[in-house]
Amino acid sequence: MPITILLADDHAMVRRGLHVFLTTQQDMEVVGEASNGQEALAQAEALKPDVVLMDLHMPVMDGIETARRLRTLMPETRIIVLTSFSDQDHVVPAVRAGVKGYLLKDIEPEDLAVAIRNVHAGQVELHPAAAGQLMHVMASSDWSMNEQQPQHLPTDRLVDSQLQEPKQAGKSTEAFGGLDMLTRREQEVLGLIAQGLSNKEIATQLVITEKTVKTHVSHLLDKLGLADRTQAALHAVRNGWVV
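**With respect to empty space enclosed by the protein**
Next, step 1: Evaluation of the coordinates by the stated rule reveals two cavities of 30 Å³ or more.
Next, step 2: Quantified by volume, the largest cavity comes out at close to 50 Å³.
Next, step 3: Along its surface, the largest cavity is lined by Leu126, Pro128, Ala131, Ile193, Gly196, Leu197, Arg229, Thr230 and Ala233.
Next, step 4: Where the lining of the largest cavity is concerned, the elements lending two or more residues are α6 (128–139) and α11 (229–238).
Next, step 5: In this structure, the second largest cavity occupies an estimated 30 Å³ of space.
Next, step 6: Around the second largest cavity, the lining residues are Ala8, Asp9, Val14, Leu18, Leu53, Met54, Asp55, Leu82 and Lys105.
Next, step 7: Those elements that provide at least two residues to the lining of the second largest cavity are α1 (12–22) and β3 (51–54).
Next, step 8: Residue composition of the lining of the second largest cavity, by class: six nonpolar, no polar and three charged.

Set out below in structure tokens:
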């Protein structure tokens, strides 16, 4: 079965371009389009897509409010934001609203397809700039709780509930490995991931190839028992491994 996708963006040319590209992917099907948040909600309820790919700035109802309502009405539907903004004022509210992906519109088409597949499979996809903003908020202890969260909920559990898929049965936080399991180079890569750097930027800073960076990332994720680089960055920050 193909991954069914609903597109929501107030610019017709953006929707057209996304539609044309996504229809070239054999495992994806665009089932509908919307030009504002209200239309997106109605289309989502009628079409029940696997993924909603939407902009944040839309008329009638913006992307944040749309995501919040979609999360309540259709919790099984994955929401990916595709926007031009990576500042804290956009990233943090979007994550709180329940999005599972936050991507920028300068993303390469093939990378977008991979991100959609990953989010559909239950992973979280954040652009490095968005991840960096999130890390900054967590590190500065400025991750305030919204009114829907219990007031006694610790920051790390709050992030788990808003960013990550539910943990597998029987797998507790103690199952995650410690920093001493990583090589010195893997620790350096982890620190740069937590700062929001992309693989290419890490390769430049460490003077190694991008392929080598990907290998280090794969190894450190395996050692820490984590699914993706976003989880690794969150895990590093809340354990005090990076600042």
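**A few points about the packing of α1 against helix α5 (residues 109–120)**
Next, step 1: Contact geometry of α1 with α5 gives a least axis separation of 11 Å together with a crossing angle of 75°. In terms of orientation, α1 and α5 fall into the roughly perpendicular class. On α5, the residues touching Leu18, Phe21 and Leu22 of α1 are Pro109, Glu110, Leu112, Ala113 and Ile116.
Next, step 2: Grouping the amino acids of the contact of α1 with α5 by side-chain chemistry returns seven nonpolar, no polar and one charged.

**What about the sheet that holds strand β5 (residues 101–104)?**
Next, step 1: Pairing within the open sheet is parallel, and its six strands lie in the order β2-β1-β3-β4-β5-β6. Of all the strands in the sheet, the pair left with one neighbour each is β2 (28–34) and β6 (125–126).
Next, step 2: Contacts between helix α2 (residues 37–47) and the sheet are confined to β1 (3–8) and β2, with β2 contributing the most and set at about 140° to the helix.
Next, step 3: Of the strands in this sheet, β3 and β4 (78–83) touch helix α3 (residues 63–73), which is tilted by about 170° from β3.

**Digging into the layout of surface pockets**
Next, step 1: Within this model, the largest pocket holds a volume of roughly 880 Å³.
Next, step 2: Lining the largest pocket are 27 residues, with Asp111, Glu125, Pro128, Asn199 and Arg229 sitting closest to its centre.
Next, step 3: Breaking the lining of the largest pocket down by element, the ones donating at least two residues are β5, α5, β6, α9 (199–206), α10 (210–224) and α11.
Next, step 4: Partitioned by chemical class, the residues of the lining of the largest pocket number ten nonpolar, seven polar and ten charged.

About the thresholds
- Residues numbered from 1 in each chain as written.
- Predicted model: local features only at pLDDT ≥ 70, side-chain atom pairs only at ≥ 80, totals over all residues.
- Heavy atoms only, no water.
- 1 Å grid on protein atoms, 1.4 Å probe; cavity = no way out; pocket = protein on both sides within 12 Å on 5 of 7 lines; lining within 4 Å.
- Points joined across faces, edges and corners; volume = space filled by probe spheres on them.
- Helix = DSSP H or I, 4+ residues; strand = E, 2+ residues; numbered from the N terminus.
- Nonpolar A, V, L, I, M, F, W, Y, C, P; charged D, E, K, R; others polar.
- Axes fitted to C-alpha atoms, helices over the stretch in contact; angles between N-to-C directions.
- Parallel < 35°, antiparallel > 145°, perpendicular 65-115°, else oblique.
- Contact = heavy atoms within 4.5 Å.
- Pairing = 2+ DSSP bridges.

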